[in-house]
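Each chain is listed here by its residues.
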Protein chains: 2
Amino acid sequence: MVGGMQSRTPASRTGRPRSAAADAAILAATREALVELGWSKLTLGDVATRAGVAKTTLYRRWAGKNELVVDAVAELFDELQLPDRGSLAADIEGVVLQFAAILARPEAKSGLMAVVAEATRDDALRERIRASIVDRQMRLVLAGRARAQRRGELPPEPDPGESARTLDLIFDVVAGAVVHRTLVSGKPADEEWVRSFTRLLLLGLTAQPAGQAATAPSRPAGHGTTAPSPPAEAGGGRA
Amino acid sequence: MVGGMQSRTPASRTGRPRSAAADAAILAATREALVELGWSKLTLGDVATRAGVAKTTLYRRWAGKNELVVDAVAELFDELQLPDRGSLAADIEGVVLQFAAILARPEAKSGLMAVVAEATRDDALRERIRASIVDRQMRLVLAGRARAQRRGELPPEPDPGESARTLDLIFDVVAGAVVHRTLVSGKPADEEWVRSFTRLLLLGLTAQPAGQAATAPSRPAGHGTTAPSPPAEAGGGRA
DNA sequence: GGCATTACGCTACGGGTCGTAGCGAAAGCT
DNA sequence: AGCTTTCGCTACGACCCGTAGCGTAATGCC
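This structure is a prediction, so every number in the text was calculated from the model and none was measured. (Residues numbered from 1 in each chain as written. Chains lettered and ligands numbered in written order. Predicted model: local features only at pLDDT ≥ 70, side-chain atom pairs only at ≥ 80, totals over all residues. Heavy atoms only, no water.)

Caption draft 1: View of the interface of chain B and chain A. Contact residues are listed per partner, giving 52 residues for chain B and 52 residues for chain A. Contact with chain A buries area across many residues of chain B, yet B:Arg121, B:Asp172 and B:Leu200 alone supply 15% of it, more than any other trio. At the boundary of chain B with chain A, the tally comes to six salt bridges. Ionic pairing is found between B:Lys187 and A:Asp168, a salt bridge with its closest N-O pair at 2.7 Å. There are 17 residue pairs in polar contact (both at pLDDT 80 or more) connecting chain B and chain A. (Contact = heavy atoms within 4.5 Å. Buried area = accessible area lost by both parts, 1.4 Å probe. Salt bridge = Lys/Arg side-chain N within 4 Å of Asp/Glu carboxyl O. Polar contact = N/O pair within 3.5 Å; in protein donor to acceptor, adjacent residues only side chain to side chain.)

Okay, structure coming up:
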């Protein structure tokens, strides 16, 4: 669930309740229209017709096209998981492939970039995107790093400020590279590419400058998608 | 110059020539409108008025909003240069800072992502973006790598296929990270961030997995913007 | 100079979308 | 029952789109 806008029903318990089915139908219709028409040719009247609701109903729940598409696209990212694949490299490859699979869908392609573009002039929209899309991805990066630190694949970060900056950097590199590969370069982020990217990222995070000795990692950060996942405690799902 | 669409004047030498001043005025007006209104509220009628030309004149030169904004934004990237700062690290930091400075401008923010979003459903538009914007950036990456290889900071790539794939990877990582940092995370790609990013990228490209010895680089790829640029041309032979 | 050709400015137009107002009916709660 | 809120529907002014038509301006060719 997105849980973005109709969470305001605490005081008003009386009256006819809003149809939850209508919300789902509208968001599904929005994604359908994104696939068929793209962002620019998508009209709210058309979405309402597809969803089987009146145009006025749609306007009662969403302020406009931007907010609607953000919520519709956000649901695509609900499926993002971080299963424990045994090594940091395998974890990265797994989640990046998931992310790439979502971005490969036409409704994500045409919708996501458009709302990001609009968000450059709309702080509220930017916050909405951050809360419903970006934060979810960020949590995966955070969880993945913590897991790798428990494994000893990444050194612990004592300084919280430096830790946060590194986290931001990793996030921008990972998400940015996949988005750029998929949407700008127009080439698929397939397994081969993801392997190369993971190697680059992992070297950048763990390796020492050429000619120096290692200090932190206690094991060689074994790399490979076929690695059999040991039990590990994991705990991928959040509360 | 962009040199995108009005290059078709070889056969027809007769008649009144198109006003080059009008082109410049239209593109400048487009950027101005992007700053003030953003992508979605930008109308071609308004651009024509700002430029002091008739709306029909604008339609005679550009097929629509997408193509117009691509050309208007493309001119922003004309200033991208790759001065020799002495080391690969300094070169990367310099060009990334330039790229970040362009992306920080509001006309680039709201315009670039919007046309990229539209390009997901329009192959001709995608090609236009590639030719007038992306290629220019790609050339910088290519030139930077070649220079670093001459310096001995990067190992030569014998396999052309592998070489091309690495180049694509670097490009997507660099451009993607900066774009994501600026437009999605909404934080500035300032010098501190660029330093961290460059360190990550450079380690990923040159360093060896922790615990191993160096093989390729002949010098430690000195890093830091404050480094007094050595007279370039390290030990490595030139072209 | 005259002529053909192309670009330009201007006006006007049908078509489409926007976002809202107003109404009666439906669906809950107390 | 009565109250409250939502829903579907219709209609509306406002705006922008993209083009057609026309007269005028600026060039090259003869």
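Caption draft 2: Region of the structure containing the protein's contact with DNA strand D. Not every one of the 23 residues close to DNA strand D is listed here, only the nearest: A:Gly15, A:Thr56, A:Thr57, A:Arg61 and B:Tyr59. For DNA strand D, the fraction of protein-proximal atoms (within 4 Å) that sit in sugar or phosphate groups is 64%. In the model, a base nitrogen of DNA strand D is placed 2.8 Å from a nitrogen or oxygen of the A:Thr56 side chain. Take B:Tyr59: an N or O atom from its side chain is 2.7 Å from a phosphate oxygen of DNA strand D. The set of elements that each furnish at least two residues to the surface near DNA strand D consists of α3 (55-61) of chain A together with α2 (44-51) and α3 (55-61) of chain B. Tallying contributions element by element places α3(A) first for the surface near DNA strand D, with four residues. (Near = heavy atom within 4 Å. Helix = DSSP H or I, 4+ residues; strand = E, 2+ residues; numbered from the N terminus.)

Caption draft 3: Region of interest: the relation of the copies chain B and chain A. The operation relating chain B to chain A is a screw motion whose rotation component is 180 degrees, with 0.0 Å of axial translation and a residual RMSD of 0.0 Å. Interpreted geometrically, this transformation is the action of a two-fold axis. Residue by residue, 100% of the interface of chain B is reproduced at the interface of chain A, so both copies engage with the same surface. (Least-squares fit on C-alpha atoms with pLDDT ≥ 70 in both.)

Caption draft 4: Representation of the side chain of A:Asp168 within the structure. For A:Asp168, the position within the fold is in helix α8 (residues 160-184). Judged by its relative accessible area of 17%, A:Asp168 falls in the buried class. If near-sequence neighbours (up to four positions away) are discounted, A:Asp168 is found in contact with A:Met138, B:Arg181 and B:Lys187. (Buried < 20%, exposed > 50% of the residue type's maximum accessible area, 1.4 Å probe, protein only.)

Caption draft 5: Quick peek at the environment of B:Gly38. Turning to its location among the elements, B:Gly38 is positioned in the loop between α1 (20-37) and α2. Exposure remark for B:Gly38: the relative accessible area of 0% places this residue in the buried category. Taking the C-alpha atoms as reference points, B:Gly38 and B:Ala114, separated by 76 residues in sequence, lie 9.7 Å from one another. In this structure B:Gly38 touches A:Arg121, B:Ala33 and B:Ser110, once residues within four positions along its chain are discounted.

Caption draft 6: Layout of the protein's contact with DNA strand C. In the neighbourhood of DNA strand C, 24 residues make up the surrounding shell, with A:Tyr59, B:Gly15, B:Thr56, B:Thr57 and B:Arg61 lying closest. Counting only atoms of DNA strand C within 4 Å of the protein, the fraction found in sugar and phosphate groups is 59%. Between DNA strand C and A:Lys55 there is a distance of 3.1 Å, counted from a base oxygen to a side-chain nitrogen or oxygen. Contacts to DNA strand C include B:Arg60, whose side-chain N or O atom sits 3.2 Å from a base oxygen. Mapped onto the surface near DNA strand C, the elements with two or more residues apiece are α2 (44-51) and α3 of chain A together with α3 of chain B. The biggest single contributor to the surface near DNA strand C is α3(B), with four residues. Of the residues in the surface near DNA strand C, the class split is six nonpolar, 11 polar and seven charged. (Nonpolar A, V, L, I, M, F, W, Y, C, P; charged D, E, K, R; others polar.)

Caption draft 7: Just the packing of aromatic side chains, in detail. Enumeration according to the criterion identifies four aromatic pairs over all chains in this entry. Seen in terms of ring centroids, A:Phe77 and A:Phe99 are 6.1 Å apart; in terms of plane orientation they differ by 45 degrees. Their pairing is tilted. Here A:Phe77, found in the loop between α4 (65-74) and α5 (88-104), pairs with A:Phe99, found in helix α5; they are 22 residues apart in sequence, far enough to count as distant. One Lys or Arg, B:Lys65, reaches over the ring of B:Trp39 and ends 4.8 Å from the middle of that ring. (Phe/Tyr/Trp six-rings, centres within 6.5 Å; stacked < 30°, edge-to-face > 60°. Lys NZ or Arg CZ within 6 Å of the ring centre and 35° of its normal.)

Caption draft 8: Structural detail: helix α9 (residues 191-206) of chain B. Compared with the 22 Å implied by 1.5 Å per residue over 16 residues, the 22 Å span of α9(B) between its first and last C-alpha is a close match. Residues of α9(B) that are buried include every one of B:Trp193, B:Val194, B:Phe197, B:Thr198, B:Leu200, B:Leu201, B:Leu202, B:Leu203, B:Gly204 and B:Thr206, and no others. Next to the buried residues of α9(B) lie α8 and α9 (191-206) of chain A together with α5 (88-103) and α8 (160-184) of chain B. (Expected span 1.5 Å × (residues − 1).)

Caption draft 9: Region of interest: the pattern of salt bridges. Residue and element names in this part refer to chain A. Inspection of the entire model under this criterion finds 42 salt bridges over all chains. Of the charged contacts, one joins Arg 136 and Asp 78 as a salt bridge, the two residues approaching to 2.0 Å between their closest N and O atoms. In this pair, Arg 136 is assigned in helix α7 (residues 123-151) and Asp 78 in the loop between α4 and α5, connecting sequence segments 58 residues apart. The exposure class assigned to Asp 78 is partly exposed, which follows from its relative accessible area of 30%.

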